[in-house]
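Geometric and topological summary
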Amino acid sequence: MHITPDQIVFWQWHWASLNATIVVTWVVMIAMAFGAWLVTRELSSGMKLSRFQNLLEVIVVHAREQIRDVTRQDPGPYLPFIGTLFLFIAVANILTIVPGYQAPTGSLSTTAGLALCVFLAVPAYGIRKRGAAGYFKQYLKPSVFMLPFNVLGELSRTLALAVRLFGNVMSGTMIAAILLAIAPLIFPIVMQVLGLLTGLIQAYIFAILATVYIAAATKVQQKREGSEPDQQKGEISNG
Amino acid sequence: MLIDWFTVAAQILNFLILVALLKKFLYAPIMRAMDEREAKIAERLADARREKQEAEREAEVFRRKNREFDARREQMMQQSKAEAEAHRKELLHRVRSEIEQKKRDWREAVAREQEAFLRDLRSRAGENILAISRQALKDLADQRMERQVVQVFLRRLEDADSAPMKDFDDPGGDKQEPMTVFSAFELPGDLRERIIAGVQHWLGASVALDFQVSRDLISGIELRANGRKVAWHLKDYLDSLEESMRSAMDEVADFTYRTPARE
(Lines give C-alpha, C1' and ligand atoms only; values in the text may rest on other atoms or scores of the structure.)
Protein backbone atom coordinates (compact mmCIF):
# COMPACT_ATOMS: atom_id res chain seq x y z
CA MET A 1 0.00 0.00 0.00
CA HIS A 2 1.65 3.15 -1.21
CA ILE A 3 0.47 6.66 -0.71
CA THR A 4 2.16 7.72 -3.91
CA PRO A 5 3.42 5.76 -6.91
CA ASP A 6 6.72 7.54 -6.46
CA GLN A 7 7.49 4.90 -3.90
CA ILE A 8 7.39 2.13 -6.49
CA VAL A 9 10.89 2.35 -7.86
CA PHE A 10 11.92 0.23 -10.83
CA TRP A 11 15.44 1.50 -11.28
CA GLN A 12 17.63 3.73 -9.17
CA TRP A 13 20.85 5.53 -10.06
CA HIS A 14 22.11 8.02 -7.47
CA TRP A 15 19.39 10.61 -7.06
CA ALA A 16 17.68 9.64 -10.32
CA SER A 17 15.00 7.00 -9.94
CA LEU A 18 12.73 5.44 -12.52
CA ASN A 19 9.57 5.09 -10.49
CA ALA A 20 6.03 4.05 -11.35
CA THR A 21 4.88 7.67 -11.71
CA ILE A 22 7.23 8.32 -14.59
CA VAL A 23 6.64 4.99 -16.25
CA VAL A 24 2.87 5.21 -16.08
CA THR A 25 3.05 8.79 -17.32
CA TRP A 26 5.01 7.56 -20.30
CA VAL A 27 2.44 4.88 -20.95
CA VAL A 28 -0.38 7.42 -20.75
CA MET A 29 1.54 9.83 -22.98
CA ILE A 30 2.24 7.15 -25.57
CA ALA A 31 -1.36 5.98 -25.50
CA MET A 32 -2.68 9.53 -25.95
CA ALA A 33 -0.22 10.51 -28.65
CA PHE A 34 -0.67 7.23 -30.50
CA GLY A 35 -4.44 7.42 -30.23
CA ALA A 36 -4.44 10.99 -31.50
CA TRP A 37 -2.13 10.04 -34.35
CA LEU A 38 -4.33 7.03 -35.22
CA VAL A 39 -7.40 9.21 -35.46
CA THR A 40 -5.87 12.26 -37.09
CA ARG A 41 -3.74 10.54 -39.73
CA GLU A 42 -6.89 10.12 -41.81
CA LEU A 43 -8.87 13.20 -41.09
CA SER A 44 -11.88 14.10 -43.11
CA SER A 45 -12.69 17.70 -43.83
CA GLY A 46 -15.92 16.70 -45.48
CA MET A 47 -19.36 16.21 -44.01
CA LYS A 48 -18.76 12.53 -43.23
CA LEU A 49 -16.30 11.82 -40.46
CA SER A 50 -15.27 8.92 -38.31
CA ARG A 51 -16.59 8.33 -34.81
CA PHE A 52 -13.26 9.03 -33.11
CA GLN A 53 -12.64 12.15 -35.16
CA ASN A 54 -16.05 13.34 -34.10
CA LEU A 55 -15.15 12.65 -30.45
CA LEU A 56 -11.86 14.52 -30.70
CA GLU A 57 -13.54 17.40 -32.50
CA VAL A 58 -16.15 17.63 -29.77
CA ILE A 59 -13.41 17.69 -27.11
CA VAL A 60 -11.34 20.30 -28.93
CA VAL A 61 -14.34 22.48 -29.73
CA HIS A 62 -15.57 22.44 -26.14
CA ALA A 63 -12.08 23.11 -24.80
CA ARG A 64 -11.85 26.13 -27.08
CA GLU A 65 -15.28 27.32 -26.01
CA GLN A 66 -14.41 27.01 -22.33
CA ILE A 67 -11.14 28.89 -22.84
CA ARG A 68 -12.90 31.58 -24.84
CA ASP A 69 -15.63 31.91 -22.22
CA VAL A 70 -13.10 32.40 -19.43
CA THR A 71 -10.43 34.48 -21.13
CA ARG A 72 -12.68 36.33 -23.58
CA GLN A 73 -9.81 36.04 -26.01
CA ASP A 74 -8.89 33.93 -28.99
CA PRO A 75 -8.35 30.44 -27.50
CA GLY A 76 -5.74 29.50 -30.13
CA PRO A 77 -2.54 30.21 -28.12
CA TYR A 78 -3.89 28.65 -24.88
CA LEU A 79 -5.46 25.52 -26.31
CA PRO A 80 -2.37 23.28 -26.44
CA PHE A 81 -1.34 24.04 -22.85
CA ILE A 82 -4.73 24.05 -21.16
CA GLY A 83 -6.21 21.34 -23.35
CA THR A 84 -3.28 19.06 -22.63
CA LEU A 85 -3.54 19.75 -18.90
CA PHE A 86 -7.17 18.69 -18.95
CA LEU A 87 -6.69 15.69 -21.24
CA PHE A 88 -3.66 14.36 -19.41
CA ILE A 89 -5.27 14.61 -15.99
CA ALA A 90 -8.59 13.25 -17.27
CA VAL A 91 -7.02 10.26 -19.03
CA ALA A 92 -4.70 9.58 -16.11
CA ASN A 93 -7.66 9.61 -13.72
CA ILE A 94 -10.03 7.62 -15.93
CA LEU A 95 -7.49 4.84 -16.32
CA THR A 96 -7.81 4.11 -12.57
CA ILE A 97 -10.56 1.66 -13.50
CA VAL A 98 -7.81 -0.56 -14.90
CA PRO A 99 -6.82 -2.97 -12.12
CA GLY A 100 -3.26 -2.45 -10.83
CA TYR A 101 -3.07 0.96 -12.44
CA GLN A 102 -1.40 3.67 -10.40
CA ALA A 103 -2.61 7.10 -11.43
CA PRO A 104 0.37 9.46 -11.89
CA THR A 105 -1.86 12.27 -10.70
CA GLY A 106 -1.89 10.50 -7.34
CA SER A 107 1.72 11.52 -6.99
CA LEU A 108 2.42 14.89 -5.44
CA SER A 109 5.46 15.09 -7.67
CA THR A 110 3.30 14.99 -10.78
CA THR A 111 0.78 17.48 -9.50
CA ALA A 112 3.57 19.75 -8.28
CA GLY A 113 5.16 19.52 -11.71
CA LEU A 114 1.89 20.44 -13.41
CA ALA A 115 1.32 23.27 -10.92
CA LEU A 116 4.84 24.52 -11.60
CA CYS A 117 4.05 24.46 -15.28
CA VAL A 118 1.01 26.66 -14.60
CA PHE A 119 3.11 28.81 -12.30
CA LEU A 120 5.56 29.41 -15.12
CA ALA A 121 2.98 29.59 -17.90
CA VAL A 122 1.05 32.41 -16.26
CA PRO A 123 3.90 34.97 -16.42
CA ALA A 124 4.98 33.59 -19.78
CA TYR A 125 1.58 34.24 -21.32
CA GLY A 126 1.22 37.50 -19.43
CA ILE A 127 4.57 38.86 -20.59
CA ARG A 128 3.91 37.73 -24.16
CA LYS A 129 0.60 39.50 -24.14
CA ARG A 130 1.33 42.68 -22.18
CA GLY A 131 5.12 42.92 -22.06
CA ALA A 132 7.35 42.38 -18.98
CA ALA A 133 6.73 45.81 -17.49
CA GLY A 134 2.99 45.61 -18.02
CA TYR A 135 2.86 42.14 -16.47
CA PHE A 136 5.03 42.75 -13.42
CA LYS A 137 3.33 46.10 -12.73
CA GLN A 138 0.22 44.19 -11.66
CA TYR A 139 2.09 42.88 -8.57
CA LEU A 140 2.37 46.51 -7.41
CA LYS A 141 -1.37 47.05 -7.51
CA PRO A 142 -3.32 48.44 -5.82
CA SER A 143 -0.15 49.68 -3.96
CA VAL A 144 3.50 48.73 -3.58
CA PHE A 145 2.82 47.35 -0.15
CA MET A 146 0.68 44.65 -1.69
CA LEU A 147 3.69 43.16 -3.52
CA PRO A 148 4.54 40.52 -0.88
CA PHE A 149 0.91 39.49 -0.65
CA ASN A 150 0.57 39.23 -4.38
CA VAL A 151 3.70 37.07 -4.61
CA LEU A 152 2.49 34.98 -1.69
CA GLY A 153 -0.86 34.56 -3.36
CA GLU A 154 0.87 33.42 -6.54
CA LEU A 155 2.86 30.81 -4.65
CA SER A 156 0.01 29.65 -2.48
CA ARG A 157 -2.39 29.10 -5.36
CA THR A 158 0.26 27.02 -7.11
CA LEU A 159 0.65 24.95 -4.00
CA ALA A 160 -3.11 24.67 -3.71
CA LEU A 161 -3.33 23.45 -7.31
CA ALA A 162 -0.83 20.73 -6.66
CA VAL A 163 -2.17 19.63 -3.32
CA ARG A 164 -5.82 19.71 -4.38
CA LEU A 165 -5.33 17.38 -7.30
CA PHE A 166 -2.99 15.12 -5.37
CA GLY A 167 -5.26 14.96 -2.36
CA ASN A 168 -8.37 14.15 -4.36
CA VAL A 169 -6.82 11.43 -6.46
CA MET A 170 -4.80 9.97 -3.64
CA SER A 171 -7.77 9.94 -1.30
CA GLY A 172 -9.89 8.31 -3.97
CA THR A 173 -7.33 5.58 -4.40
CA MET A 174 -6.92 5.22 -0.64
CA ILE A 175 -10.65 5.03 -0.01
CA ALA A 176 -11.02 2.40 -2.72
CA ALA A 177 -8.21 0.39 -1.18
CA ILE A 178 -9.56 0.72 2.35
CA LEU A 179 -13.11 -0.17 1.29
CA LEU A 180 -11.72 -3.11 -0.61
CA ALA A 181 -10.34 -4.33 2.70
CA ILE A 182 -13.59 -3.71 4.60
CA ALA A 183 -16.29 -4.56 2.08
CA PRO A 184 -14.72 -6.35 -0.85
CA LEU A 185 -17.91 -6.81 -2.89
CA ILE A 186 -19.89 -4.26 -4.92
CA PHE A 187 -19.26 -1.27 -2.67
CA PRO A 188 -15.76 -0.53 -4.04
CA ILE A 189 -17.31 -0.35 -7.53
CA VAL A 190 -19.54 2.48 -6.41
CA MET A 191 -16.49 4.22 -5.03
CA GLN A 192 -14.66 3.57 -8.28
CA VAL A 193 -17.48 5.25 -10.19
CA LEU A 194 -17.32 8.10 -7.73
CA GLY A 195 -13.56 8.18 -8.23
CA LEU A 196 -14.06 8.47 -12.02
CA LEU A 197 -16.39 11.38 -11.50
CA THR A 198 -14.02 13.01 -9.03
CA GLY A 199 -11.11 12.49 -11.43
CA LEU A 200 -12.95 14.19 -14.30
CA ILE A 201 -14.07 17.03 -12.05
CA GLN A 202 -10.52 17.52 -10.80
CA ALA A 203 -9.21 17.57 -14.35
CA TYR A 204 -11.77 20.20 -15.21
CA ILE A 205 -11.00 22.23 -12.07
CA PHE A 206 -7.26 22.12 -12.67
CA ALA A 207 -7.62 23.20 -16.28
CA ILE A 208 -10.19 25.89 -15.60
CA LEU A 209 -8.11 27.34 -12.74
CA ALA A 210 -5.07 27.45 -14.96
CA THR A 211 -7.18 29.23 -17.56
CA VAL A 212 -8.41 31.69 -14.98
CA TYR A 213 -4.86 32.47 -13.84
CA ILE A 214 -3.68 32.91 -17.38
CA ALA A 215 -6.70 35.02 -18.24
CA ALA A 216 -6.01 37.24 -15.25
CA ALA A 217 -2.43 37.67 -16.34
CA THR A 218 -3.28 38.42 -19.94
CA LYS A 219 -6.23 40.73 -19.46
CA VAL A 220 -5.23 44.18 -20.65
CA GLN A 221 -7.65 46.08 -18.48
CA GLN A 222 -7.71 44.71 -14.98
CA LYS A 223 -9.59 46.09 -12.02
CA ARG A 224 -8.92 43.62 -9.21
CA GLU A 225 -6.28 41.34 -10.53
CA GLY A 226 -5.21 39.66 -7.37
CA SER A 227 -8.57 38.99 -5.84
CA GLU A 228 -10.58 37.87 -8.87
CA PRO A 229 -8.78 34.58 -9.56
CA ASP A 230 -8.57 33.80 -5.85
CA GLN A 231 -12.24 34.41 -5.48
CA GLN A 232 -13.07 32.13 -8.37
CA LYS A 233 -10.67 29.53 -7.06
CA GLY A 234 -12.37 29.62 -3.75
CA GLU A 235 -15.79 29.21 -5.29
CA ILE A 236 -14.76 26.25 -7.39
CA SER A 237 -12.91 24.68 -4.46
CA ASN A 238 -15.92 25.02 -2.26
CA GLY A 239 -18.11 23.61 -5.01
CA MET B 1 8.84 13.32 1.70
CA LEU B 2 6.06 13.05 -0.83
CA ILE B 3 7.79 15.22 -3.42
CA ASP B 4 10.62 13.69 -5.32
CA TRP B 5 12.19 16.62 -7.16
CA PHE B 6 13.68 14.41 -9.85
CA THR B 7 10.25 13.08 -10.56
CA VAL B 8 8.88 16.61 -10.58
CA ALA B 9 11.40 17.66 -13.19
CA ALA B 10 10.75 14.52 -15.19
CA GLN B 11 7.02 15.08 -15.06
CA ILE B 12 7.45 18.71 -16.16
CA LEU B 13 9.49 17.49 -19.09
CA ASN B 14 6.98 14.73 -19.79
CA PHE B 15 4.17 17.21 -19.73
CA LEU B 16 5.93 19.59 -22.11
CA ILE B 17 6.62 16.68 -24.45
CA LEU B 18 2.96 15.68 -24.23
CA VAL B 19 1.94 19.22 -25.05
CA ALA B 20 4.16 19.17 -28.12
CA LEU B 21 2.91 15.72 -29.15
CA LEU B 22 -0.75 16.60 -28.76
CA LYS B 23 -0.24 19.90 -30.50
CA LYS B 24 1.26 18.07 -33.43
CA PHE B 25 -1.06 15.06 -33.52
CA LEU B 26 -4.30 16.38 -32.06
CA TYR B 27 -4.98 20.11 -31.99
CA ALA B 28 -3.32 21.18 -35.21
CA PRO B 29 -4.83 18.48 -37.46
CA ILE B 30 -8.22 18.68 -35.81
CA MET B 31 -8.28 22.45 -36.09
CA ARG B 32 -7.09 22.23 -39.69
CA ALA B 33 -9.79 19.72 -40.56
CA MET B 34 -12.45 21.83 -38.86
CA ASP B 35 -11.24 25.01 -40.53
CA GLU B 36 -11.28 23.25 -43.88
CA ARG B 37 -14.74 21.96 -43.22
CA GLU B 38 -15.91 25.39 -42.19
CA ALA B 39 -14.33 26.85 -45.29
CA LYS B 40 -16.06 24.19 -47.37
CA ILE B 41 -19.35 24.87 -45.68
CA ALA B 42 -18.91 28.59 -46.16
CA GLU B 43 -18.04 27.96 -49.77
CA ARG B 44 -21.08 25.75 -50.19
CA LEU B 45 -23.24 28.34 -48.53
CA ALA B 46 -21.79 30.99 -50.78
CA ASP B 47 -22.38 28.68 -53.75
CA ALA B 48 -25.90 28.07 -52.59
CA ARG B 49 -26.43 31.79 -52.13
CA ARG B 50 -24.97 32.47 -55.55
CA GLU B 51 -27.08 29.75 -57.11
CA LYS B 52 -30.10 31.05 -55.28
CA GLN B 53 -29.43 34.52 -56.57
CA GLU B 54 -28.90 33.09 -60.01
CA ALA B 55 -32.13 31.16 -59.72
CA GLU B 56 -33.94 34.23 -58.47
CA ARG B 57 -32.54 36.26 -61.32
CA GLU B 58 -33.61 33.60 -63.78
CA ALA B 59 -36.98 33.37 -62.11
CA GLU B 60 -37.25 37.14 -62.42
CA VAL B 61 -36.31 36.89 -66.09
CA PHE B 62 -38.91 34.20 -66.60
CA ARG B 63 -41.50 36.18 -64.72
CA ARG B 64 -40.75 39.21 -66.84
CA LYS B 65 -40.94 37.09 -69.98
CA ASN B 66 -44.21 35.67 -68.77
CA ARG B 67 -45.55 39.14 -68.15
CA GLU B 68 -44.39 40.28 -71.57
CA PHE B 69 -45.88 37.20 -73.12
CA ASP B 70 -49.16 37.79 -71.32
CA ALA B 71 -49.17 41.40 -72.37
CA ARG B 72 -48.40 40.48 -75.94
CA ARG B 73 -51.03 37.80 -75.94
CA GLU B 74 -53.51 40.24 -74.47
CA GLN B 75 -52.57 42.75 -77.11
CA MET B 76 -52.91 40.18 -79.85
CA MET B 77 -56.21 39.07 -78.44
CA GLN B 78 -57.41 42.66 -78.41
CA GLN B 79 -56.12 43.19 -81.90
CA SER B 80 -57.71 40.04 -83.23
CA LYS B 81 -60.91 40.91 -81.40
CA ALA B 82 -60.90 44.32 -82.98
CA GLU B 83 -60.14 42.81 -86.35
CA ALA B 84 -62.87 40.25 -85.91
CA GLU B 85 -65.25 42.99 -84.85
CA ALA B 86 -64.31 45.09 -87.85
CA HIS B 87 -64.61 42.07 -90.11
CA ARG B 88 -67.95 41.23 -88.58
CA LYS B 89 -69.17 44.76 -89.07
CA GLU B 90 -67.93 44.75 -92.62
CA LEU B 91 -69.57 41.42 -93.28
CA LEU B 92 -72.71 42.62 -91.60
CA HIS B 93 -72.63 45.76 -93.63
CA ARG B 94 -72.03 43.82 -96.81
CA VAL B 95 -74.78 41.37 -95.96
CA ARG B 96 -77.08 44.23 -95.11
CA SER B 97 -76.33 46.03 -98.31
CA GLU B 98 -76.72 42.76 -100.19
CA ILE B 99 -79.99 42.15 -98.45
CA GLU B 100 -80.94 45.71 -99.17
CA GLN B 101 -79.99 45.20 -102.80
CA LYS B 102 -81.87 41.92 -102.93
CA LYS B 103 -84.83 43.54 -101.30
CA ARG B 104 -84.67 46.36 -103.76
CA ASP B 105 -84.28 43.94 -106.64
CA TRP B 106 -87.08 41.87 -105.31
CA ARG B 107 -89.30 44.89 -104.88
CA GLU B 108 -88.42 46.01 -108.34
CA ALA B 109 -89.12 42.55 -109.65
CA VAL B 110 -92.38 42.47 -107.74
CA ALA B 111 -93.18 45.92 -109.00
CA ARG B 112 -92.30 44.89 -112.53
CA GLU B 113 -94.38 41.79 -112.27
CA GLN B 114 -97.13 43.81 -110.71
CA GLU B 115 -96.86 46.32 -113.45
CA ALA B 116 -96.73 43.65 -116.08
CA PHE B 117 -99.64 41.93 -114.48
CA LEU B 118 -101.57 45.13 -114.21
CA ARG B 119 -100.67 46.07 -117.71
CA ASP B 120 -101.67 42.70 -118.91
CA LEU B 121 -104.80 42.83 -116.83
CA ARG B 122 -105.65 46.26 -118.11
CA SER B 123 -104.87 45.47 -121.66
CA ARG B 124 -106.97 42.36 -121.38
CA ALA B 125 -109.68 44.27 -119.64
CA GLY B 126 -109.49 46.96 -122.30
CA GLU B 127 -109.51 44.38 -125.06
CA ASN B 128 -112.40 42.63 -123.46
CA ILE B 129 -114.23 45.92 -122.99
CA LEU B 130 -113.48 46.78 -126.59
CA ALA B 131 -114.48 43.38 -127.79
CA ILE B 132 -117.65 43.53 -125.76
CA SER B 133 -118.34 47.04 -127.00
CA ARG B 134 -117.61 46.03 -130.54
CA GLN B 135 -119.77 43.01 -130.26
CA ALA B 136 -122.53 45.00 -128.57
CA LEU B 137 -122.36 47.74 -131.16
CA LYS B 138 -122.18 45.15 -133.94
CA ASP B 139 -125.19 43.42 -132.53
CA LEU B 140 -127.01 46.76 -132.27
CA ALA B 141 -126.04 47.97 -135.75
CA ASP B 142 -128.89 47.89 -138.21
CA GLN B 143 -130.49 49.96 -141.02
CA ARG B 144 -131.92 52.51 -138.67
CA MET B 145 -128.66 53.05 -136.99
CA GLU B 146 -127.08 53.38 -140.43
CA ARG B 147 -129.30 56.28 -141.11
CA GLN B 148 -128.36 57.92 -137.88
CA VAL B 149 -124.69 57.32 -138.69
CA VAL B 150 -125.11 58.86 -142.11
CA GLN B 151 -126.78 61.89 -140.57
CA VAL B 152 -123.96 62.33 -138.05
CA PHE B 153 -121.43 61.89 -140.83
CA LEU B 154 -123.07 64.53 -142.96
CA ARG B 155 -123.15 66.93 -140.00
CA ARG B 156 -119.48 66.33 -139.44
CA LEU B 157 -118.82 66.81 -143.09
CA GLU B 158 -120.40 70.21 -142.84
CA ASP B 159 -118.32 71.02 -139.74
CA ALA B 160 -115.10 70.01 -141.44
CA ASP B 161 -114.94 72.73 -143.90
CA SER B 162 -111.63 74.55 -144.08
CA ALA B 163 -108.50 72.43 -144.45
CA PRO B 164 -110.01 69.24 -145.71
CA MET B 165 -111.85 71.25 -148.35
CA LYS B 166 -108.58 72.29 -149.85
CA ASP B 167 -107.22 68.85 -149.55
CA PHE B 168 -110.16 67.39 -151.35
CA ASP B 169 -110.38 70.24 -153.77
CA ASP B 170 -107.32 69.32 -155.65
CA PRO B 171 -107.97 65.63 -156.02
CA GLY B 172 -111.65 66.39 -156.44
CA GLY B 173 -110.77 68.91 -159.09
CA ASP B 174 -108.92 66.37 -161.04
CA LYS B 175 -111.85 64.07 -160.84
CA GLN B 176 -109.55 61.36 -162.04
CA GLU B 177 -109.67 59.25 -159.01
CA PRO B 178 -113.05 58.76 -157.41
CA MET B 179 -113.45 59.33 -153.66
CA THR B 180 -114.25 56.23 -151.73
CA VAL B 181 -116.89 55.95 -149.08
CA PHE B 182 -116.43 53.02 -146.68
CA SER B 183 -119.32 51.79 -144.62
CA ALA B 184 -119.92 48.91 -142.27
CA PHE B 185 -123.00 47.77 -144.16
CA GLU B 186 -124.13 47.92 -147.67
CA LEU B 187 -125.67 51.36 -147.94
CA PRO B 188 -129.17 51.56 -149.50
CA GLY B 189 -129.68 53.80 -152.54
CA ASP B 190 -131.36 56.73 -150.78
CA LEU B 191 -128.55 56.99 -148.26
CA ARG B 192 -126.03 56.87 -151.07
CA GLU B 193 -127.79 59.74 -152.77
CA ARG B 194 -127.93 61.74 -149.60
CA ILE B 195 -124.17 61.21 -149.10
CA ILE B 196 -123.40 62.15 -152.70
CA ALA B 197 -125.52 65.26 -152.31
CA GLY B 198 -123.90 66.09 -149.00
CA VAL B 199 -120.39 65.70 -150.36
CA GLN B 200 -121.17 67.68 -153.50
CA HIS B 201 -122.69 70.37 -151.33
CA TRP B 202 -119.67 70.26 -149.08
CA LEU B 203 -117.18 70.50 -151.93
CA GLY B 204 -119.31 72.68 -154.07
CA ALA B 205 -118.61 70.47 -157.05
CA SER B 206 -119.92 67.22 -158.55
CA VAL B 207 -117.95 64.21 -157.57
CA ALA B 208 -118.03 60.51 -158.27
CA LEU B 209 -118.16 58.39 -155.16
CA ASP B 210 -117.20 54.81 -154.90
CA PHE B 211 -119.02 52.90 -152.12
CA GLN B 212 -117.37 49.99 -150.40
CA VAL B 213 -118.17 47.88 -147.36
CA SER B 214 -115.56 47.59 -144.58
CA ARG B 215 -116.25 45.27 -141.65
CA ASP B 216 -113.51 46.96 -139.59
CA LEU B 217 -115.59 50.03 -139.13
CA ILE B 218 -118.05 48.20 -136.88
CA SER B 219 -120.54 50.95 -137.42
CA GLY B 220 -119.92 54.21 -139.25
CA ILE B 221 -118.89 55.93 -142.47
CA GLU B 222 -115.58 57.05 -143.81
CA LEU B 223 -114.68 59.23 -146.79
CA ARG B 224 -111.24 58.73 -148.25
CA ALA B 225 -109.36 60.54 -150.94
CA ASN B 226 -105.64 60.69 -151.61
CA GLY B 227 -104.78 59.47 -148.14
CA ARG B 228 -107.16 62.01 -146.51
CA LYS B 229 -110.33 61.06 -144.82
CA VAL B 230 -113.39 62.43 -143.15
CA ALA B 231 -115.15 59.89 -141.04
CA TRP B 232 -117.40 59.08 -138.25
CA HIS B 233 -117.50 55.61 -136.84
CA LEU B 234 -117.50 53.76 -133.56
CA LYS B 235 -114.01 52.44 -134.23
CA ASP B 236 -112.72 55.97 -133.64
CA TYR B 237 -114.36 56.10 -130.25
CA LEU B 238 -113.05 52.72 -129.38
CA ASP B 239 -109.58 53.69 -130.60
CA SER B 240 -109.62 56.86 -128.54
CA LEU B 241 -110.95 54.86 -125.60
CA GLU B 242 -108.12 52.41 -126.04
CA GLU B 243 -105.70 55.29 -126.27
CA SER B 244 -106.97 56.91 -123.08
CA MET B 245 -106.95 53.54 -121.28
CA ARG B 246 -103.38 52.95 -122.34
CA SER B 247 -102.26 56.33 -121.05
CA ALA B 248 -104.14 55.74 -117.79
CA MET B 249 -102.45 52.37 -117.45
CA ASP B 250 -99.07 53.90 -118.00
CA GLU B 251 -99.71 56.42 -115.26
CA VAL B 252 -100.78 53.71 -112.86
CA ALA B 253 -97.76 51.61 -113.78
CA ASP B 254 -95.48 54.53 -113.20
CA PHE B 255 -97.03 55.06 -109.80
CA THR B 256 -96.79 51.42 -108.74
CA TYR B 257 -93.22 51.23 -109.98
CA ARG B 258 -92.12 54.30 -108.10
CA THR B 259 -93.99 53.69 -104.86
CA PRO B 260 -91.69 50.98 -103.30
CA ALA B 261 -88.57 52.87 -104.20
CA ARG B 262 -89.80 55.82 -102.21
CA GLU B 263 -90.19 53.81 -99.02
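Anything mentioned here points back to the structure above.
Just so it is clear, the structure is predicted and the values come from calculations on it, not from any experiment. (Residues numbered from 1 in each chain as written. Chains lettered and ligands numbered in written order. Predicted model: local features only at pLDDT ≥ 70, side-chain atom pairs only at ≥ 80, totals over all residues. Heavy atoms only, no water.)

Inspection of every chain in the model, using the stated rule, returns eight aromatic pairs over all chains. Look at Y135(A) and Y139(A): their rings are 5.7 Å apart centre to centre, the planes differ by 85°, and that puts the pair in the edge-to-face class. Accessibility assignment for this pair places Y135(A) and Y139(A) in one class, buried. Joined through ring pairs, the aromatic side chains of Y78(A), F81(A), Y125(A) and F15(B) make up one cluster. One Lys or Arg, R41(A), reaches over the ring of W37(A) and ends 5.3 Å from the middle of that ring. Taking NZ or CZ as reference, K24(B) lies 5.7 Å from the ring centre of F25(B), over its face. (Phe/Tyr/Trp six-rings, centres within 6.5 Å; stacked < 30°, edge-to-face > 60°. Buried < 20%, exposed > 50% of the residue type's maximum accessible area, 1.4 Å probe, protein only. Lys NZ or Arg CZ within 6 Å of the ring centre and 35° of its normal.)

This brings us to the pairing of strand β1 (residues 9-13) of chain A. Residue and element names in this part refer to chain A. Counting buried positions over the five residues of β1 gives zero, only a small fraction of the element. Here β1 runs beside strand β2 (residues 16-19); their pairing, made up of four bridges, is antiparallel. Each bridged residue has a counterpart across the sheet, and for W13 the counterpart in β2 is A16. Here β1 hands over to β2 after two residues, with H14 in that stretch at a positive phi of 50°. (Helix = DSSP H or I, 4+ residues; strand = E, 2+ residues; numbered from the N terminus. Pairing = 2+ DSSP bridges.)

Next up on the list: the packing of helix α2 (residues 51-71) of chain A against helix α7 (residues 187-218) of chain A. Residues and elements named next belong to chain A. Between α2 and α7, the least distance of the axes is 9 Å, while the angle of their chain directions is 40°. Overall, the two elements α2 and α7 adopt an arrangement that is oblique. Like other packed secondary-structure pairs, α2 and α7 cross with a definite hand, here right-handed. Between α2, through Q66, I67, V70 and T71, and α7, the contact on the second element is made entirely by Y204, I208, T211, V212 and A215. Taken together, the residues of the contact of α2 with α7 sort by class into six nonpolar, three polar and no charged. (Axes fitted to C-alpha atoms, helices over the stretch in contact; angles between N-to-C directions. Parallel < 35°, antiparallel > 145°, perpendicular 65-115°, else oblique. Left-handed = near helix turned anticlockwise from the far one by under 90°. Contact = heavy atoms within 4.5 Å. Nonpolar A, V, L, I, M, F, W, Y, C, P; charged D, E, K, R; others polar.)

All names here are of chain B. If you trace the four strands from one edge of the open sheet to the other, you get β2-β1-β3-β4, paired in mixed fashion. The open sheet has two edge strands, β2 (209-213) and β4 (228-233), and neither has a second partner. Here the strands of the sheet are splayed against their neighbours by 15° on average, with no regard to which way each runs. Bridge count for strand β3 (residues 220-225) against β4 is six bridges, and the pairing is antiparallel. Looking at the pairing, G220 lines up with H233 of β4. Seen against the sheet, helix α4 (residues 189-203) touches β1 (179-183), β2, β3 and β4 and runs at an angle of roughly 135° to β2.

Residue and element names in this part refer to chain A. Direction vectors running N to C along α2 and helix α3 (residues 79-94) enclose 115°, while the axes themselves pass 10 Å from each other. In this structure, α2 crosses over α3, and the sense of that crossing is right-handed. Judged by residue contacts, I59, V60, A63, R64 and I67 of α2 engage L79, I82 and L87 from α3. Of the residues belonging to the contact of α2 with α3, the class tally is seven nonpolar, no polar and one charged.

A few words on the nonpolar core. By size, the foremost hydrophobic cluster in this structure holds 60 residues, and its most contacted members are F81(A), L85(A), L114(A), V118(A), F206(A), L22(B) and L26(B). When contributions to this core are tallied by element, the ones reaching two or more residues are α1 (20-40), α2, α3, α4 (108-130), α6 (147-182) and α7 of chain A together with α1 (5-140) of chain B. The element that contributes the greatest number of residues to this core is α1(B), accounting for 11 residues. Setting aside residues up to four positions removed in sequence, L85(A) forms contacts with L114(A), V118(A), F206(A), A210(A) and F15(B). Ranked by size, the runner-up nonpolar core spans 23 residues in total, among them L187(B), V199(B), L203(B) and A225(B). (Core = buried A, V, L, I, M, F, W, Y, C linked by side-chain atoms within 4.5 Å.)

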